Amino acid sequence: MWWPIRNQILVPFAGLLLACVAVISVTAAVLAARRAEQATVAGLNQVIETLGRSSFPLHAASVLERMKGLSGAEFVAFGADGQALAATLPQPPALSRELQRAARDELSSLHEYALVELGGARYFAGTIRPLDPAGRVRHLLVLYPVASLDEARWQAALPPLAVGTVTLVLAVIVSAWLAQRISRRLRTVEQQVAGIAAGRFDEVALGSRHDEIQDLVRSVNQMSRQLQDMQATIHSSERTRLLGQLAGGLAHQLRNALTGARLAVQIHRRRCELNGEDESLEVALRQLSLTEEQVKGLLSLGRTERRPPAARPAGDVVDDVAALVGPACRHAGVELATSITGGAGASVADSESVRTAVLNLTLNAIEAAGRGGRVEINATVDGAGLHFEIVDDGPGPPPELGEAIFDVFVTSKPEGVGLGLALARQIAEESDGGLSWQRVDCTTRFRLSVPASRQLSPQNRNGT
């Protein structure tokens, strides 16, 4: 059963408060009524004692009327023979033997006396032995109206009961207001969470009161932002996956066409028995090989093809890349330099993939350097692994791109696609390495780091 949180707060709190206020009010009322009764009895005793010690005869009706006016009680004076001498009532009752036996020197609690009904009114009836100066009054019957005692009790109990009732009403109103306020804030959070579940990632205001609900709203807002970012990432990843599949399919067909074209050029060169003397055919073959390497990279990015890793020396990887980009450098008027530090025989575990990454980085550097520029391919071997650093003296990418430059379809070139650096980053991560870039002394430096394998022997390097 659904139970609103305001009721969960209000009902127990109001119930506890009601019980506490009721107990306090009733206790105060009972004590006040008891004090009122005690005050009434004390007043009666004082009036009787005062008049009894004076020279006023208690058997006189005028004296009893004065006592009635002072105390509010009815009096009947009896002589030694039990006959009524004077009374404040038109028809005084007879003095029973029980009242005679219960006679006392002064009044005590009214509830200890008998209840009698005279003329339609109920009285507490008690008998005392007064000090009568004339000696004629042996018993004085005191009749105190029950209605007067009830009225005195009610007047004494009314203030604490009224205060308790007002306190209870105010407490219930304040509790209901607080519960409604908390419930309204929680309902706002509930609506926000429902909106998040429905795909709406709107944030709500924190509010001015700093408490647990504000912390909850802040956490939900943070969750909303994270889910919104995740949704954007999922959409981007899905688009990238679809485009990767499309690119992989096109690259597969293009690679087959390139392979056929390269084989046709090689057959033509053998038939013409040129044996490499015509440089144009050699340049064509290198360009076809370069394009084929790039298509292989697309296949790797699309994940439609996985080649088994083949280890080769780092020097051979640098030489292969230099040979492939040589015609492009001459055509673009870019100076190309290579260097190997720390041992050219260090093995690259997945040489084909690493060569593809270095090739993409070098082609980007050639394009960035422009005519008259310079590009360097520096390979370094140390205890941390193999490091391929591609340096160009071009203007470099916009600084605001930062690490986003390695994301798919992110590029600063008008004709760029944004796949080369993404492919290089993927190869680096799959090789348990890393790829970074920075601007140093007006040069752009891309650093590809991969783990180094064992040193290859001369026989392995020659393929024997």
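All of these numbers come straight from a predicted model, not from anything done at the bench.

Conventions used here
- Throughout, residues of each chain are indexed from 1 in the direction in which the sequence is written.
- Totals for whole chains, interfaces and linings use every residue, but because this is a predicted model, local features are given only for residues with pLDDT of at least 70 and side-chain atom pairs only at 80 or more, for both listing and counting.
- Heavy atoms throughout the structure, all of them, feed into the side-chain values; hydrogens and water do not.
- Secondary structure follows DSSP: runs of H or I at least 4 residues long count as helices, runs of E at least 2 residues long count as strands, and numbering of each begins at the N terminus.
- Burial classification: accessible surface area is computed with a 1.4 Å probe over protein chains only, and a residue below 20% of its type maximum counts as buried, one above 50% as exposed, and the rest as partly exposed.
- In these tables, accessible area is a Shrake-Rupley quantity obtained with a 1.4 Å probe, and a residue counts as shielded only by the protein chains included in the view.
- For Phe, Tyr and Trp, rings pair up if their centres lie within 6.5 Å, where Trp contributes its six-membered ring, and each pair is then called stacked (planes under 30 degrees apart), edge-to-face (over 60) or tilted (otherwise).
- A pairing counts as a salt bridge when a side-chain nitrogen of Lys or Arg comes within 4 Å of a carboxyl oxygen of Asp or Glu.
- Contacts: residue pairs with any heavy atoms within 4.5 Å of one another.
- We treat two strands as partners when DSSP finds at least two bridges between them.
- Axis lines are fitted through C-alpha atoms, for helices just across the contact stretch, and the angle between N-to-C directions can take any value from 0 to 180 degrees.
- Just so you know how the angles are binned, under 35 degrees is roughly parallel, over 145 roughly antiparallel, 65 to 115 roughly perpendicular, and the rest oblique.
- Left-handed describes a crossing whose near helix is turned anticlockwise from the far helix by less than a right angle; the clockwise case is right-handed.
- Residues are sorted three ways: Asp, Glu, Lys and Arg are charged, Ala, Val, Leu, Ile, Met, Phe, Trp, Tyr, Cys and Pro are nonpolar, and all the rest, Gly among them, are polar.
- Think of a nonpolar core as a cluster: buried Ala, Val, Leu, Ile, Met, Phe, Trp, Tyr and Cys residues, connected wherever their side-chain atoms sit within 4.5 Å.

1. Comments concerning the overall build of the chain
At step 1: For the chain, the helix and strand inventory stands at 10 helices and 13 strands.
At step 2: Burial status across the chain gives 37% buried among its 464 residues.
At step 3: Split by element, the accessible area of the chain, about 26,000 Å² in all, is 56% carbon and sulfur.

2. A short note on the packing of aromatic side chains
At step 1: In this structure the tally under the stated criterion is 1 aromatic pair.
At step 2: Judged by centre distance (6.1 Å) and plane angle (20°), the ring pair of Trp-437 and Phe-446 falls under stacked. Of the two residues examined, Trp-437 and Phe-446, each falls in the buried class.

3. Section: the pattern of salt bridges
At step 1: For the structure shown, the criterion picks out 10 salt bridges.
At step 2: Of the charged contacts in the structure, one is a salt bridge between Arg-312 and Asp-320, with a shortest N-O distance of 2.6 Å.
At step 3: A relative accessible area of 24% places Arg-312 in the partly exposed class.
At step 4: The partner of Arg-374 in a salt bridge is Glu-376, and the shortest N-O contact between them spans 3.1 Å.

4. Thoughts on the side chain of Thr-362
At step 1: Examined against the element boundaries, Thr-362 turns out to sit in helix 8 (residues 351-369).
At step 2: Note on Thr-362: relative accessible area 0%, which makes it buried.
At step 3: Residue contacts for Thr-362: discarding those within four places in its chain leaves Val-321, Val-325, Val-375, Ile-377 and Ile-390.

5. As for unusual backbone geometry
At step 1: Backbone geometry places Asp-441, a non-glycine residue, at a positive phi of 50°.
At step 2: By the secondary structure assignment, Asp-441 is in the loop between strand 11 (434-440) and strand 12 (443-450).
At step 3: The exposure class assigned to Asp-441 is exposed, which follows from its relative accessible area of 70%.
At step 4: The phi torsion at Cys-442 lies on the positive side, around 60°, for a residue other than glycine.
At step 5: Tracing the backbone through its elements, the reader meets Cys-442 in the loop between strand 11 and strand 12.

6. Some words on the pairing of strand 5 (residues 139-145)
At step 1: With 7 of its 7 residues buried, strand 5 lies for the most part within the structure.
At step 2: Going residue by residue along strand 5, you find His-139, Leu-141, Leu-143 and Pro-145 tucked away on one face and Leu-140, Val-142 and Tyr-144 tucked away on the opposite face as well.
At step 3: Judged from the 5 bridges that link them, strand 1 (residues 74-78) and strand 5 form a sheet pairing that is antiparallel. Bridge pairing in strand 5 places Val-76 opposite Leu-141.
At step 4: In this structure, strand 4 (residues 121-128) lies alongside strand 5, joined through 6 bridges in antiparallel fashion. Bridge pairing in strand 5 places Gly-126 opposite Val-142.

7. A few points about the packing of helix 7 (residues 314-332) against helix 8
At step 1: For the pair helix 7 and helix 8, the least separation of the axes is 10 Å and the interaxial angle reads 25°. Classed by the angle they form, the pair helix 7 and helix 8 counts as roughly parallel. Where helix 7 crosses over helix 8, the two elements pack in a sense that is right-handed. Where helix 7 abuts helix 8, its residues Val-317, Asp-320, Val-321, Leu-324, Val-325, Cys-329 and Ala-332 lie against Ser-351, Arg-355, Val-358, Leu-359, Thr-362, Leu-363 and Ile-366.
At step 2: Of the residues that constitute the contact of helix 7 with helix 8, the class distribution is 10 nonpolar, 2 polar and 2 charged.

8. Overview of the sheet that holds strand 4
At step 1: Strand order in this open sheet of 5 strands is 2-1-5-4-3, and the pairing throughout is antiparallel. Unpaired on one side and paired on the other, strand 2 (84-87) and strand 3 (114-118) mark the two borders of the sheet. Taking the axes of each pair of neighbouring strands and ignoring which way they run, one obtains an average angle of 30° across the sheet.
At step 2: Sheet strands in contact with helix 4 (residues 146-197) are strand 3, strand 4 and strand 5, and its direction is about 50° off that of strand 5.

9. Here we look at the environment of Pro-90
At step 1: Position of Pro-90 relative to the elements: it lies in the loop between strand 2 and helix 3 (97-101).
At step 2: Separated by 29 residues in sequence, Pro-90 and Gly-119 place their C-alpha atoms 9.7 Å apart.

10. Concerning the nonpolar core
It is characteristic of soluble globular proteins that their nonpolar side chains tend to be buried jointly.
At step 1: If you look at the biggest cluster of nonpolar residues, it comprises 38 residues, and the most contacted ones within it are Val-358, Leu-361, Leu-386, Phe-388 and Leu-448.
At step 2: When contributions to this core are tallied by element, the ones reaching two or more residues are helix 7, strand 8 (346-348), helix 8, strand 9 (374-382), strand 10 (385-392), helix 9 (420-430), strand 11 and strand 12.
At step 3: Top contributing element to this core by residue count: helix 8, with 9 residues.
At step 4: With sequence-adjacent residues up to four places away left out, Phe-388 is seen in contact with Ala-314, Val-317, Val-318, Val-348, Val-354, Val-358, Asn-378, Ala-379, Phe-446, Arg-447, Leu-448 and Val-450.
At step 5: With 17 residues, the next largest nonpolar core counts Leu-64, Leu-140, Val-142 and Val-146 among its residues.

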